[in-house]
Amino acid sequence: MRNFWNQIPMLRITISVIAGIGLEIFADSVLHRELQILFLICTLFGISFLLMVSFNFIQKIELTYRLRIVNGVSLSVFLISFGYALTWFYADKNYKNHFQNFTSPESFLIAEIIKPPLEKEKVVAFVTQVNEVKNASQSIGVKGNILINVLRDSTSNNLKYGDIIVFRSKVEEFDEPKNPNEFSFKLYQSFHNIYHRT
């Protein structure tokens, strides 16, 4: 009888990639060391890739069969590393041109509303993509998403998807949960590539 895992190779691949994604989320939200681990992950990615390629050049079938576990472990490490790197590169905040690197208290941010507004009783919430930061002396093209909460009035009610807005306000990261096992709005928003609010 064949091994159970040999019958479902796509599940093995999926589990490895999901493990890499989970590792990056854990390293970012709990350890706050995603960049340090990225170097290790990239090294493991390269080593496992070279091992997998070298196994394809082995001519002897007996040797290939004996080293099949090493090949399987190399593939798993490669896929975990791939999932980690994929998640790290997805996050806008990891790039040099993220707006958080250029804002100051006197900066103006130019942003486009990228999702329909969420209307609440007293406020209207907008998910926007910041495209430009204007400082006193320069204008810088940037990227990154931000959640904007505006008090409900006639002006905020007229804002809609696709509108460009210019604002100057204190930009801050989402708060960490205050209690153990509390819902983390910060982690939830990070899944949507939103790390800041105003």
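Quick note: structure is the one above.
Just so you know, these numbers come straight off a predicted model, no measurement behind them.

### Some points on the overall build of the chain
- Of the regular secondary structure elements, the chain holds six helices and eight strands.
- Helices (α) and strands (β) of the chain occur, in sequence order from the N terminus, as α-α-α-α-β-β-β-β-β-α-β-β-α-β.
- Relative to the compact-globule value of 16 Å for 198 residues, the chain shows a C-alpha radius of gyration of 23 Å, a clear excess of over 25%.
- C-alpha extents for the chain along the principal axes are approximately 75 × 40 × 35 Å.
- Taking all 198 residues of the chain together, 29% fall into the buried category.
- Contacts in the chain between residues far apart in sequence, at least 24 positions, make up 63% of those at least 6 positions apart.
- When the accessible area of the chain is evaluated, it comes to approximately 13100 Å², of which 62% is carbon and sulfur surface.
- Once the 20 positive and 17 negative side-chain charges of the chain are each reduced to a mean point, those two points are 9 Å apart.

### Here we look at the layout of surface pockets
- If you add up the space inside the largest pocket, you get close to 430 Å³.
- Together, 15 residues line the largest pocket, and Asn6, Arg12, Arg68, Gly72 and Leu75 are the ones closest to its centre.
- For the lining of the largest pocket, the elements supplying multiple residues, two or more each, are α1 (9-31) and α4 (68-90).
- Per element, the largest residue contribution to the lining of the largest pocket is seven residues, and it comes from α4.
- In terms of residue class, the lining of the largest pocket is built from seven nonpolar, six polar and two charged.

### Focus on the packing of α1 against α4
- Where α1 contacts α4, the two axes come as close as 7 Å, and the packing angle between them is 45°. When the axis of α1 is compared with that of α4, the two are oblique. Seen from above, α1 lies across α4 with right-handed handedness. Along the contact surface, α1 presents Ile13, Ser16, Val17, Ala19, Gly20, Ile21, Leu23, Glu24, Ile25 and Ala27, while α4 presents Ser76, Leu79, Ile80, Gly83, Tyr84, Thr87 and Trp88.
- Here the residues of the contact of α1 with α4 are counted per class, giving eleven nonpolar, five polar and one charged.

### Thoughts on the side chain of Asp92
- Inspection of the secondary structure puts Asp92 in the loop between α4 and β1 (108-113).
- Note on Asp92: relative accessible area 12%, which makes it buried.
- Apart from the residues within four sequence positions on either side, Asp92 is in contact with His98, Lys143, Gly144, Asn145 and Asn193.

### Examining α4
- With 23 residues, α4 should cover 33 Å at 1.5 Å per step; its first-to-last C-alpha distance of 33 Å lies within 8% of that length.
- Within α4, burial applies to Ser74, Phe78, Leu79, Ser81, Gly83, Tyr84, Ala85, Thr87 and Trp88.

### Describing the packing of aromatic side chains
- Counted according to the given criterion, the structure contains six aromatic pairs.
- With a centroid separation of 4.7 Å and 25° between ring planes, the pair formed by Phe45 and Phe78 is classed as stacked. Placement of Phe45 in helix α2 (residues 34-55) and of Phe78 in helix α4 is noted, with a sequence separation of 33 residues between them.
- One aromatic cluster is present, built from ring pairs that chain together Phe174, Phe183, Phe185 and Tyr188.
- Stacked on the ring of Tyr95, the Lys or Arg Lys143 has its end atom at 4.4 Å from the ring centre.

### Remarks on a nonpolar patch on the surface
- A cluster of nonpolar side chains, contributed by Phe4, Trp5, Leu11 and Ile15, occupies part of the molecular surface with about 400 Å² of accessible area.
- Take Trp5: it is sitting in the segment before α1.
- Classification of Trp5 by relative accessible area gives partly exposed; the value is 39%.

### Structural notes on the pattern of salt bridges
- Counted by the stated rule, this structure contains nine salt bridges.
- Glu173 serves as the salt-bridge partner of Lys186, at 3.6 Å between the closest nitrogen and oxygen. Within this pair, whereas Lys186 is found in helix α6 (residues 185-190), its partner Glu173 is found in strand β7 (residues 172-173), the two being separated by 13 residues in sequence.
- By relative accessible area, Lys186 is classed as partly exposed at 23%.

Definitions and limits used
- Residues numbered from 1 in each chain as written.
- Predicted model: local features only at pLDDT ≥ 70, side-chain atom pairs only at ≥ 80, totals over all residues.
- Heavy atoms only, no water.
- Helix = DSSP H or I, 4+ residues; strand = E, 2+ residues; numbered from the N terminus.
- Rg over C-alpha atoms; globule rule 2.2 N^0.38 Å.
- Buried < 20%, exposed > 50% of the residue type's maximum accessible area, 1.4 Å probe, protein only.
- Contact = heavy atoms within 4.5 Å.
- Areas by Shrake-Rupley, 256 points an atom, 1.4 Å probe, with all protein chains shown as cover.
- Lys, Arg positive; Asp, Glu negative; His and termini not counted.
- Charge placed at Lys NZ, Arg CZ, Asp CG, Glu CD.
- 1 Å grid on protein atoms, 1.4 Å probe; cavity = no way out; pocket = protein on both sides within 12 Å on 5 of 7 lines; lining within 4 Å.
- Points joined across faces, edges and corners; volume = space filled by probe spheres on them.
- Nonpolar A, V, L, I, M, F, W, Y, C, P; charged D, E, K, R; others polar.
- Axes fitted to C-alpha atoms, helices over the stretch in contact; angles between N-to-C directions.
- Parallel < 35°, antiparallel > 145°, perpendicular 65-115°, else oblique.
- Left-handed = near helix turned anticlockwise from the far one by under 90°.
- Expected span 1.5 Å × (residues − 1).
- Phe/Tyr/Trp six-rings, centres within 6.5 Å; stacked < 30°, edge-to-face > 60°.
- Lys NZ or Arg CZ within 6 Å of the ring centre and 35° of its normal.
- Patch = residues over 30% accessible without salt bridge, like charges linked within 9 Å, V, L, I, M, F, W, Y side chains within 5 Å.
- Salt bridge = Lys/Arg side-chain N within 4 Å of Asp/Glu carboxyl O.

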